[in-house]
Amino acid sequence: MLKEDFNEIRKSLKPKQANIQEVYAAYANSEKNVLFSSKKGWFSMTDDEKEIYSSIFSKVLSGKTSVNLHFLDVERSEQQERFLQFGRLHDAKAIELLVQQIIDEYNSKESFAVLVATCSYSVPSIAADGFRLEDSFDENYRFITCAICPTKLEKPSIIYKHDAKFFESAKRDYVLQAPNAGFLYPTFENRSSNVNKILFYSKNIKKLPIEVIDRIFGLELNTTVDQDCDIYSNLIQSSFSNSNNLSVDTLHKINLSMEEELEASLSNDSDGVITVKELNNILVKHGGESVSVKDGPVQLASLVTHKYCLQRDSNIKIIADEDAVNDIRQEFVNGVPSLVIPLSGFTFNDIPLD
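Throughout what follows, the structure given in this document is the object of discussion. The structure displayed is predicted, hence computed values, not measured ones. (Residues numbered from 1 in each chain as written. Predicted model: local features only at pLDDT ≥ 70, side-chain atom pairs only at ≥ 80, totals over all residues. Heavy atoms only, no water.)

In terms of regular secondary structure, the protein is built from nine helices and 20 strands. Across its three principal axes, the protein shows a C-alpha extent of roughly 75 × 65 × 40 Å. The buried share among the 354 residues of the protein stands at 40%. Of the roughly 20600 Å² of accessible surface on the protein, a fraction of 48% belongs to carbon and sulfur atoms. The centroid of the 38 positive side-chain charges in the protein is displaced by 5 Å from the centroid of its 52 negative side-chain charges. (Helix = DSSP H or I, 4+ residues; strand = E, 2+ residues; numbered from the N terminus. Buried < 20%, exposed > 50% of the residue type's maximum accessible area, 1.4 Å probe, protein only. Areas by Shrake-Rupley, 256 points an atom, 1.4 Å probe, with all protein chains shown as cover. Lys, Arg positive; Asp, Glu negative; His and termini not counted. Charge placed at Lys NZ, Arg CZ, Asp CG, Glu CD.)

Take a look at the structure:
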């Protein structure tokens, strides 16, 4: 999906466009017990409800490709047949089964809601000059978008109660938060429906709902965050095994190089994926040795970090951002390789050290 495609579908989800038809909602606790499950027609909602649901479902179409948005191929005919039941045909039983399966497989330490919107968007025709043609449509794009949202208990508050004529505690309730994960099917590419792909959204790349993707949809990511990190760790240790060049400064520069690669990839609407061979070339550029590796995909977003963690067992842990890490040096102190950090600005239990 191009940026223009994302923008068009996000716009189609706005309340005034009236392209959302129904919203299925289920609420479960962390033990996966369903507290309620129901559906509601779009036109029976209040304006405030429409605005909130529109914002939630639009969030599933936000972020960066390969960082928050992940495309997976739906290639097998039996997969497509099942996906089309809920994605294009909006079969109520298929959607209700899907919602229950998500609850069964999704892991959460807190209560969460699964929301599914059935949508129908008449794709307007575009003239050669780029303007939309009135009363002319290319196709009727029928799709669903799903949002998995955590809930949080409202903060305690005191309100005025008329019957008591005094300020008393208000009833606290659980409030929907922005989605942690979700998906769109079918995808919308080049202003047309594509039943061969499904789009997954994750607020945090390290918290992709792998179980949902694997067990419910029968799809497999090319790589996972853990796999990418293992590949990177093994590769960098092999590349610098015969060298004394591996230091905090070197690792920082490698991270900056990977960050540049990721930004360049995303700016070109690419997928942010490089091969292990290309990753190997980055290490060689910073003093490592070329290592014979099996070529394969690696997601740069899994590896690039803006926070650095230096840790020794569980006793000492130092967290530094990209600017602060420049102040950390590796030197030999009394013949022992050590980290040297300027004390300026440091405190010990809130007591200034400089």
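Having put the structure on the table, let's press on.
Okay, the pattern of salt bridges next. According to the stated counting rule, one finds seven salt bridges in the structure shown. For E105, the salt bridge goes to R215, with nearest N and O atoms at 3.0 Å. Placement of the pair is E105 in helix α4 (residues 92-105) and R215 in helix α5 (residues 210-216), with a sequence separation of 110 residues. Judged by its relative accessible area of 59%, R215 falls in the exposed class. With a shortest N-O distance of 4.0 Å, E189 and K197 are connected by a salt bridge. (Salt bridge = Lys/Arg side-chain N within 4 Å of Asp/Glu carboxyl O.)

Take the packing of aromatic side chains next. For any two aromatic rings, the description comes down to two numbers: the centre-to-centre distance and the angle of the planes. Under the counting rule described, the total for this entry stands at 14 aromatic pairs. Ring centres of F83 and F86 lie 5.7 Å apart, and the angle between their planes is 35°; on these two criteria the pair is classed as tilted. Of this pair, F83 and F86 both sit in helix α3 (residues 77-87), separated by three residues, roughly a single helical turn. F83 sits in the buried class, given a relative accessible area of 0%. Exposure remark for F86: the relative accessible area of 1% places this residue in the buried category. Each ring, one from F83 and one from Y185, has its centre 5.2 Å from the other, and the planes form 85°; the classification is edge-to-face. Pair noted here: F83 is in helix α3 and Y185 is in strand β9 (residues 181-185), with a separation of 102 residues, a long-range link. Since its relative accessible area comes to 0%, Y185 is described here as buried. Among the aromatic residues, those joined into a ring-pair cluster are F83, F86, F183, Y185, F200 and F217. Positioned over the ring face of F71 is K197, at 6.0 Å from the centre of the ring. (Phe/Tyr/Trp six-rings, centres within 6.5 Å; stacked < 30°, edge-to-face > 60°. Lys NZ or Arg CZ within 6 Å of the ring centre and 35° of its normal.)

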